[in-house]
Amino acid sequence: MTGTWISCSLLRPFLFFVRCLSVQRQTIQPRDIACMHKCFKILLESIHSTDLRRNFGCLAIGTLEERRTWNYQAQKLITLCSFVLASCDMNYPGLKDMVFLTSLAMRLLVFLTDLNGWKILPQDHIRDIDLAVENLICFMGSKSGLYASVRKYIMKLDVLLPSQRGGMIQTEDRFLITASALTLALRPFHVIKSNKDGPSLGDIQCAKKQYCLSLLTIPWLLQRLPAFLVPALKHKSVLSPCFQTLLMLRGKLSSDMSDIHQQVALCWHKAIPPVGWALANVICLMTGNDNGSLDTLLFCQDVEHGLYVRVVITLAEIFSEWIDNARSFRKENQRFECDCGTFEGSTDLSTFKKESMLGISERSYVELLRPVYHQSHLTDLLAVLSTDMRAQGADMLASDNLGKLELVDISYFYSYMLRLFSVLNPVAGSLPILNMLSFTPGFLVSLWRSLESNLFQGASDCARDHPGSRKNGTSDARQQTSKFGGGKWTSVLQIITGKSQASADSGLTGSTDSHISSGLVDEDSCDVWDVELLRSGPQGLSKDMYCLLHLFCATYSHLLLVLDDIEFYEKQVPFRLEEQRRITSALNTLVYNGLSRSSGLQNKPMMESATQCLHLMYERNCRHQFCPPDLWLSPARKSRPPIAIAARTHDVLSTKSDDLSLVSSMGSIITTMPHVYPFEERVEMFREFIKMDKVSRVMAGEVGGPGSRNIEIVIRRGNIIEDGFRQLNTLGSRLKSSIHVSFVSECGLPEAGLDYGGLSKEFLTDLSKAAFSPEYGLFTQTSTEDRLLMPNISAKYLENGLQMIEFLGRIVGKALYEGILLDYSFSHVFVQKLLGRYSFLDELSTLDPEVYRNLMYIKHFDGDVKELSLDFTIMEGSFGKNHVIELRPGGRDICVTNENKMQYVHAIADYKLNRQILAFANAFYRGLTDLISPSWLKLFNATEFNQLLSGGYHDIDVDDLRSNTRYTGGYSEGSRTVKLFWEVMKGFEAKERCMLLKFVTSCSRAPLLGFKYLQPTFTIHKVACDVPVWATIGGQDVERLPSASTCYNTLKLPTYKRASTMRSKLLYAISSNTGFELS
């Protein structure tokens, strides 16, 4: 059989009948298998023949007609063999015959497209044969449907576990098919390297495109292939052209992948789109080791890292858009179905189930992305970045920078990874990425250096570090801000009150003046901390700056969770304190302006990360100050509204108005970053909230209405806690109503007197004094110097223990609601729970300094922690018995080692700070929020909450007290004894003045906004004591001691004649810690 005979007498009828019928039917009949088997075998024998006449390949160098015929028939053979490959199904009835036929077809194509397989090559026609084969390869890659067939074949292969891939032995034919299919798929890439006057560039580009779209989108591509075939896919000659092609296809990549996916609709895992699988396969190809395993990270060193990073960014961006679109569609329709499958949340995206015949029940898609959260992945990229930067500095970079790496590229890479992991990883979310980024040496610092050079450009170090200096050229901008701010809040006032422009302007005058005077903000120092480039919020940032800042905020907020105070303040890692101040000022400016300009949904990830980071910096500053107060106030120094408007805005966010976005933005600022208002203004805002609530209760008929009435209770002096609990605990929010108290003495007799507010104050203060006493058992004191109150963990064993703590929450809420000061302060950890905030490691120092020191010792222990013989348990004692608490399931059997000591440290801290007191905090919170809205509480941090409850920490302002004092019983401001009293008060030391205030009001601290807000008003009542004239001449003065009625804040002051007598009598009275009985 000559080559001509094979072409004319064998292939011509064979290709017409067998190929046409099989393709039309889209199936191969058993009789066709035998026919194709004979034909393929004859062709292989012919190609292997050393006789030029008998070799089918000789027609490629024959006459022009023979060449055309050979080329046509060879192309039809490629199409037919590709169809055979696509039809090779493991469920085919005649599996053995079909596998053998497919093996034969693949061998035929391999030899047909490889000159090394031709047994005879006339030396004078080498170039002609070479061009013929190259043209054939280009046809195979562009028009034959080979890549679609290879995709269909590989999709039918099993997904193998790592343990199976190493030991799996395939049959010779099965392995030959897979290896041949990959060889043919990669063959066009080798034509690219040959001489350029051969195949057209368009065909070569088409082959690369088909490879990327058909093969790289195969789910679990590398996990389906034998391990020793993977290195061929990872070779530079394949990966680099693929990456370049994907970048060139960037604009059409999404639609092209969807088209390919629909054409070969065999993707059994339809929750992940083709671009998602392309992303995973690219990462696996670039980072897996030579056998395709992801257990050890090994970059392909020959492929430019910049290309790899930019390809991942491109694919991740398209994948993220797909997820966003799917989510939006699902929100509108609750559930939707599309060509890519059903999307029902992150669970569907994260896992897939496959038939048991594949040898695997479930796999996580995120597992394929595992290399990106290996620290070596980032360190390798940073090393390449450093090399590229040095080359650039030496002017060694070529004009084509496509493969060169920049920091912003790495930032985009990990920003998209954070987004994807947060959706695709339902258990841990983006934590693996954040852990790696946070603890990679130098990465955060590099991010901040890049940001700092842009955010603070043109500002000197002095201006950045030292408040008081003023930048030039910003006065116009400030004036514009001021004008904008004034007009904005005037508009809000009109929305709330419905007043005209003129009335609004007139109403604003007084409020603004008081607002400015109370703020006491040094504008010169504030200017330094208001970062100009961030005054427009996220909208004013370039795309690159946005990415850098988003990644920095997300990473640093994660690091701040585990960064202890020793590292932050003493070692000053990763940033010096002056850098921390700049970071804080940038975040403060960004969040404020982002909220005030109502950033859209597209800026939500940035705003969430920046807000979380800002909150962590603020809470650390509250615990141990490192930022000046002006820094926190600086963004709003010109544009924050007066108190009354701010408070009313907070309660009208649901107002239907064209300017609702403006109202909402102001409300968001108040709830998200109240610290931009000075503390005194927030206290005024809190009082305004209560005032508005009382007005709304009146309008609703809860006060003064037909069915409303005051609460009347009878309290036995010796059972004040039990009687109060029994009569008031079930009232809930009705406790906001006035309480009329009737006391019963210890003798069982009703005490005379009417309650005009004084007895209810006495009841609240006496009840709280008794209930919060450590002797009662509900609360205990911390071991720190300030002895702050903390729930007693043994209270849960007491009768009605949690209910009593809930009741005490209502009592504290009642005191706050009525403006009654209680002379107690709670532990910051406990208050954090009431404010809805999580407590972290360093706050343990405010609760139990000894435990904190021990944990710091373990954290920084240089030796082997195993020597300390610790396990994941903690001992808890109550009523003389010790209970072992496991910090994690099976904690008794988990030894603390150097590898898990950080987990142990944070597990102990989490238990002490959060889990141990959670039930008590929840109970107290339920009671407290019956009267005080949670959003009102969030205006304050833990320290400020204690000040709100018990008053300021500063000395008493005698002049303020004097101007807000009432005189009864015959005294007036001009009375001689009254003048002596104020003279003596000014002469007291600060501690003595506080003791006198506690003697009269039961609280040693002044109201935060001054004595104007003390309820009831501070009163001096005259106690007439006549002294004989001869006694006065002889130097004798009144002997009677002063007394007090704390329920009415009244000092009963005898008519002393001399200042020395008054001083000594007052000191004796206030030192004896008694009141009524002195009378």
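Residues numbered from 1 in each chain as written. Predicted model: local features only at pLDDT ≥ 70, side-chain atom pairs only at ≥ 80, totals over all residues. Heavy atoms only, no water.

1. Notes on the overall build of the protein
(1) Moving on: A count of helices and strands for the protein gives 46 helices and 14 strands.
(2) Moving on: For the protein, the residues scored as buried account for 54% of the 1079 residues in total.
(3) Moving on: Taking the intrachain contacts of the protein between residues at least 6 apart in sequence as the baseline, contacts between residues at least 24 apart amount to 76%.
(4) Moving on: Accessible surface for the protein amounts to roughly 47,200 Å². Of this, 51% is attributable to carbon and sulfur atoms. (Helix = DSSP H or I, 4+ residues; strand = E, 2+ residues; numbered from the N terminus. Buried < 20%, exposed > 50% of the residue type's maximum accessible area, 1.4 Å probe, protein only. Contact = heavy atoms within 4.5 Å. Areas by Shrake-Rupley, 256 points an atom, 1.4 Å probe, with all protein chains shown as cover.)

2. Quick look at the nonpolar core
(1) Moving on: Among the nonpolar cores identified, the biggest contains 286 residues, and F40, Y211, Y308, Y556 and F826 are the most heavily contacted of them.
(2) Moving on: No other element matches helix α18 (residues 407-424), which puts 13 residues into this core.
(3) Moving on: Excluding residues within four positions of it along the chain, F40 makes contact with F14, L77, L80, C81, L101, L104, A105 and L108.
(4) Moving on: Among the nonpolar cores identified, the runner-up in size contains 32 residues, and V984, V1000, C1025 and M1062 belong to it. (Core = buried A, V, L, I, M, F, W, Y, C linked by side-chain atoms within 4.5 Å.)

3. Points about the packing of aromatic side chains
(1) Moving on: Within this structure, the stated rule accounts for 41 aromatic pairs.
(2) Moving on: Ring plane angle 35 degrees and centroid distance 5.5 Å describe the contact between W448 and F552, whose orientation is recorded as tilted. In this pair, W448 is assigned in helix α20 (residues 443-455) and F552 in helix α25 (residues 543-562), connecting sequence segments 104 residues apart. Here W448 matches F552 in class, with each residue buried.
(3) Moving on: Taken together, a centroid distance of 5.4 Å and an interplanar angle of 80 degrees make the contact between F772 and F826 edge-to-face. Taken together, the residues span a long stretch of sequence, with F772 in the loop between α34 (758-771) and β7 (779-781) and F826 in the loop between α35 (801-818) and α36 (828-834) at a distance of 54 residues.
(4) Moving on: For F772, a relative accessible area of 2% translates into the label buried.
(5) Moving on: The class of F826 is buried, set by a relative accessible area of 0%.
(6) Moving on: One aromatic cluster in this structure is built from F772, F779, Y824, F826, F830 and F924.
(7) Moving on: Here R620 stacks its cationic end above the ring of F568, 4.8 Å away from the centre of that ring. (Phe/Tyr/Trp six-rings, centres within 6.5 Å; stacked < 30°, edge-to-face > 60°. Lys NZ or Arg CZ within 6 Å of the ring centre and 35° of its normal.)

4. Looking at the environment of M685
(1) Moving on: Here M685 is to be found in helix α32 (residues 679-699).
(2) Moving on: Here the alpha-carbon distance between M685 and L939, two residues 254 residues apart in the chain, equals 8.8 Å.

5. Considering the side chain of S320
(1) Moving on: Relative to the assigned elements, S320 resides in helix α15 (residues 305-333).
(2) Moving on: Overall, the relative accessible area of 3% leaves S320 in the buried class.
(3) Moving on: When sequence neighbours within four positions are dropped, the list of residues in contact with S320 reads Y416, R419 and L420.

6. Points about helix α19 (residues 431-438)
(1) Moving on: With respect to burial, α19 is a largely interior element, 6 of its 8 residues being buried.
(2) Moving on: All buried positions along α19 are accounted for by P432, I433, L434, M436, L437 and S438.

7. Section: the UniProt feature "active site" (unreviewed entry) in the protein
(1) Moving on: Summarizing the sequence annotation, UniProt attributes the feature "active site" (unreviewed entry) to C1047 in the numbering used throughout.
(2) Moving on: Judged by relative accessible area, C1047 falls into the buried class, the value being 2%. (UniProt positions renumbered as here; feature names shortened; annotations may be inferred.)

8. Section: the pairing of strand β6 (residues 739-744)
(1) Moving on: Here strand β5 (residues 711-716) runs beside β6; their pairing, made up of 6 bridges, is parallel. Counterpart to I713 in the pairing with β6 is V741.
(2) Moving on: Of the crossover connections in this fold, the one passing from β5 over helix α33 (residues 720-728) to the parallel β6 is right-handed. (Pairing = 2+ DSSP bridges. Right-handed = clockwise from strand over helix to strand, strands pointing away.)

9. Here we look at the pattern of salt bridges
(1) Moving on: Applying the stated criterion across every chain yields a total of 35 salt bridges.
(2) Moving on: Residues R370 and E367 are paired through a salt bridge, measuring 3.6 Å at the closest nitrogen-oxygen approach.
(3) Moving on: For R370, a relative accessible area of 18% translates into the label buried.
(4) Moving on: A salt bridge links R926 to E806; the nearest nitrogen and oxygen atoms lie 3.6 Å apart. Within this pair, whereas R926 is found in helix α39 (residues 918-928), its partner E806 is found in helix α35, the two being separated by 120 residues in sequence.
(5) Moving on: Each member of the salt-bridge network shares a partner with another, and the members are R449, R576, E578 and E579. (Salt bridge = Lys/Arg side-chain N within 4 Å of Asp/Glu carboxyl O.)

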